[in-house]
Amino acid sequence: MAESSNWTHLHAQLHRTLLQRQILPSNQPLLVAVSGGQDSLCLIKLLLDLQSKWGWNLGIAHCDHRWRSDSEASANHVEQLAQNWGISYYLETSSDIPKTEAAARLWRYQALTEIAIAHNYPYIVTGHTASDRAETLLYNLIRGSGADGLSALTWTRPLLDFRLPIADFRLGNSGENPNSQISADFRLENQDENSQSKIQNLKSQIYLVRPLLEITRSQTGQFCQDQKLPIWEDSTNQDLQYTRNRIRSELLPYLETHFNPKAQQALAQTAELLRADVEYLELAASDLRQRAMSPIADNPQVNFQLPVKLNRPILREAPLALQRRAMRQLLQQILPSAPSFESVEKLTSLIVAPNRSQTDPFPGGAIGRVEHPSIILDIKF
Ligand SMILES: Nc1ncnc2c1ncn2[C@@H]1O[C@H](COP(=O)(O)OP(=O)(O)OP(=O)(O)O)[C@@H](O)[C@H]1O
């Protein structure tokens, strides 16, 4: 097919990525998260230009955190763009100004998910780039992270957390990660049976997709310039009190100048490789965990209901990497928030500990204890 003269290298690259990775099916409604910055403007323009090939129905969502004095003006700017392109525009405005970056992100994902549910969009698309991936890797590396954190930005993931109904079962939920927060909030806000079942049905249907993970920020910047897209500059991006901004404007340029001019792409590639490793290890760990979890007398089902009983001889045969992951998966299901490194190590150490060894309480009150040949995890003994 002859391409329009507007067809650029980035159009071709995105089209290829979508064909290869199958992350955005054709003929679907897509809700595009547009902040007004260069990455999401590049994203929406590319998707608009590819729309006729893929048969999508595009809508724009903008979240006003009310963080900056110009936030309303920036929302109006995005609305105007949506009008010019003739596509639906949805705005969510935060009632309370979020206090931290993390709180703002949690609120934003919740707001986007609410718009998607209300207007039947199965896909939310964001403009995260290879540069974001490189920054996330560095950020998590400095804070101390395993392979999971280093490969944190994935191409696609379900936006609502399937774990919560189980996690909530015994110890409640404080919502440490964005997924948990979203589910927890929906649970609070949607008490009646009808809306609960609507959310239940939608859980398997809303995906977050990040199709620009192979494109760098300098490429999106160049694209916006070439296409004359009116970027709304976010003044907080320059604020060096935020770690992420220092990584972006100080650390990465330093690495590029002094170590590797293609540091961003290299780091993003490392994240991509680690992601596949993580997926493989998580599957193997899940298999180990299932083999090691056995039914106990007053709880004949093999599930995450406390008390949980684990077979130590089965666990002992596995390599440490899988032991740790299996223990973490278990803790993710029963603790009120994401398990810390210390919690995982504490439970893992019981695999070889002497009979009657016991942990101090995990957050939420559960305790692990060796009752030869098992580990029992329960609220109290
Ligand atoms: N206020 C917002 N409203 C809607 N979507 C947003 C908003 N902020 C961020 N996003 C979405 O999340 C993606 C990544 O967020 P991040 O905070 O890294 O964005 P950013 O630095 O503001 O990116 P951009 O260059 O698109 O503004 C954005 O590309 C966009 O798709």
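Every chain is numbered on its own, with residues counted from 1 as its sequence reads. With the structure being a predicted model, the display of local features is reserved for residues of pLDDT at least 70 and the display and counting of side-chain atom pairs for 80 or more, all residues being used for whole-chain, interface and lining totals. Working from all heavy atoms in the structure, the side-chain values ignore hydrogens and water.

### Quick look at the overall build of the chain
Now for step 1: Helix numbering and strand numbering both begin at the N terminus, where a helix is a DSSP run of H or I of at least 4 residues and a strand a DSSP run of E of at least 2. Looking only at helices and strands, the chain has 15 helices and 10 strands in total.
Now for step 2: Burial status follows relative accessibility: with a 1.4 Å probe on protein chains alone, a residue under 20% of its type maximum counts as buried, one over 50% as exposed, and anything between as partly exposed. A buried classification covers 49% of the 381 residues belonging to the chain.
Now for step 3: Here the chain has roughly 18,700 Å² of accessible surface; of this, 50% comes from carbon and sulfur atoms. The protein chains shown are the only cover counted for residues, whose accessible areas, like all others here, come from Shrake-Rupley with a 1.4 Å probe.

### Notes on the environment of Thr220
Now for step 1: Inspection of the secondary structure assignment puts Thr220 in helix α10 (residues 217-226).
Now for step 2: Residue classification places Thr220 among the buried positions, given a relative accessible area of 0%.
Now for step 3: Along the primary structure Thr220 and Gln110 are separated by 110 residues, whereas in three dimensions their C-alpha atoms are 26 Å apart.
Now for step 4: Whether two residues touch is decided by their heavy atoms; if any such pair falls within 4.5 Å, the residues are in contact. Once residues within four sequence positions are removed from consideration, Thr220 is found in contact with Gln38, Asp39, Cys42, Thr129, Leu212 and Ile215.

### Things to note about helix α1 (residues 9-21)
Now for step 1: Along its 13 residues, α1 runs 18 Å from first to last C-alpha, staying within 8% of the 18 Å computed at 1.5 Å per residue.
Now for step 2: For α1, the set of buried residues is Leu10, His11, Gln13, Leu14, His15, Thr17 and Leu18.
Now for step 3: In this structure, the buried residues of α1 make contact with α2 (38-54) and α10.
Now for step 4: Any pair of nitrogen or oxygen atoms within 3.5 Å is treated as a polar contact; in protein, a donor-acceptor pairing is required on top of that, and neighbouring residues in sequence qualify only through side-chain atoms on both sides. The N-cap residue of α1 is Thr8: its side-chain oxygen and the backbone nitrogen of Leu10 are 3.2 Å apart.
Now for step 5: Phi turns positive, to about 55°, at Gln22, one or two residues after α1. A helix's residues, less one, multiplied by 1.5 Å, set its expected span.

### Side note on the site of the ligand
Now for step 1: Looking at the ligand, there are 17 residues lining it, with Ala33, Ser35, Ser40, Cys63 and Gly127 nearest.
Now for step 2: A distance of 3.5 Å separates an oxygen atom of the ligand from a polar atom in the backbone of Gly37.
Now for step 3: Between a nitrogen atom of the ligand and a main-chain N or O atom of Cys63, the distance comes to 2.8 Å.
Now for step 4: Protein chains bury 87% of the 570 Å² of accessible surface belonging to the ligand in isolation. Summary of the distance rule: residues count as near a molecule or strand when at least one heavy atom falls within 4 Å of that molecule or strand.

### What to know about the pattern of salt bridges
Now for step 1: Basic side-chain nitrogens of Lys or Arg form a salt bridge, by our definition, when they fall within 4 Å of a carboxyl oxygen of Asp or Glu. Taken as a whole and assessed by the stated rule, the structure comprises 20 salt bridges.
Now for step 2: The partner of Arg21 in a salt bridge is Glu214, and the shortest N-O contact between them spans 3.4 Å. Highlighted residues: Arg21 in helix α1 and Glu214 in the loop between β6 (207-209) and α10, separated in sequence by 193 residues.
Now for step 3: The exposure class assigned to Arg21 is partly exposed, which follows from its relative accessible area of 31%.
Now for step 4: Looking at Glu214, the relative accessible area reads 36%, which means it is partly exposed.
Now for step 5: Among the salt bridges present, the one from Arg133 reaches Glu272, with a minimum N-O distance of 2.6 Å. Placement of Arg133 in helix α5 (residues 130-143) and of Glu272 in helix α12 (residues 263-292) is noted, with a sequence separation of 139 residues between them.
Now for step 6: In this structure Arg133 comes out as buried when scored by relative accessible area, which is 3%.
Now for step 7: Glu272 gets classed as partly exposed once you look at its relative accessible area, which sits at 23%.

### Points about the packing of α12 against helix α14 (residues 320-334)
Now for step 1: Here the axes come from fitting lines to C-alpha atoms, over the contacting stretch only for helices, and the angles between their N-to-C directions go from 0 to 180 degrees. Here α12 crosses α14 at 75°, and the two axes come no closer than 8 Å. Between α12 and α14, the interaxial angle falls into the category roughly perpendicular. Contact with α12, carried on its side by Val278, Leu281, Glu282, Ala284, Ala285, Ser286, Leu288 and Arg289, involves Leu322, Gln323, Arg325, Ala326, Arg328, Gln329 and Leu330 of α14 and no other residues of that element.
Now for step 2: Residues were grouped as follows: Ala, Val, Leu, Ile, Met, Phe, Trp, Tyr, Cys and Pro as nonpolar; Asp, Glu, Lys and Arg as charged; and all remaining residues, including Gly, as polar. Split by residue class, the contact of α12 with α14 holds 8 nonpolar, 3 polar and 4 charged. Working definition: roughly parallel below 35 degrees, roughly antiparallel above 145 degrees, roughly perpendicular at 65 to 115 degrees, and oblique for all remaining angles.

### Quick notes on the sheet that holds strand β10 (residues 374-378)
Now for step 1: Read across the sheet, 4 strands follow the order β7-β8-β10-β9 without closing on themselves; strand pairing throughout is antiparallel. Of all strands in the sheet, those bounded by a partner on one side alone are β7 (293-294) and β9 (367-371).
Now for step 2: Where β7 lies against strand β8 (residues 308-311), 2 bridges are found, and the strand directions are antiparallel. Residue pairing in the sheet places Met293 in a bridge with Leu310 of β8. When DSSP locates at least two bridges between a pair of strands, those strands are taken to pair.

### Description of the environment of Leu240
Now for step 1: Positionally, Leu240 belongs in the loop between α10 and α11 (243-258).
Now for step 2: Sequence spacing of Leu240 and Glu250 is 10 residues, and the spatial spacing of their C-alpha atoms is 9.1 Å.
Now for step 3: In this structure, Leu240 is in contact with Asn245, Arg246, Ser249 and Glu250, ignoring residues within four places of it in sequence.

### Regarding the packing of aromatic side chains
Now for step 1: Any two rings among Phe, Tyr and Trp, with Trp reduced to its six-membered ring, count as a pair given centres within 6.5 Å; such a pair is stacked if its planes are under 30 degrees apart, edge-to-face if over 60, and tilted if neither. This structure, assessed with the given rule, holds 4 aromatic pairs.
Now for step 2: On the numbers, 5.4 Å between centres and 15° between planes, the contact of Trp54 with Trp56 is stacked. Side by side, Trp54 and Trp56 carry an identical accessibility label, which is buried.
Now for step 3: Note on Tyr90 and Tyr121: the rings are 5.7 Å apart at their centroids and 80° apart in plane angle, and the pair reads as edge-to-face.

### A closer look at the confidence of the model for the chain
Now for step 1: As a per-residue quantity, pLDDT reports the predictor's confidence and falls between 0 and 100. Of all residues in the chain, 84% attain a pLDDT of 70 or more, and the chain-wide mean is 86.
Now for step 2: Residue range residues 161-196 is modelled with pLDDT below 50. Its contacts to residues more than four positions away, or to other chains, number 72 contacts.
Now for step 3: ipTM for the predicted complex: 0.92, alongside a pTM of 0.83.

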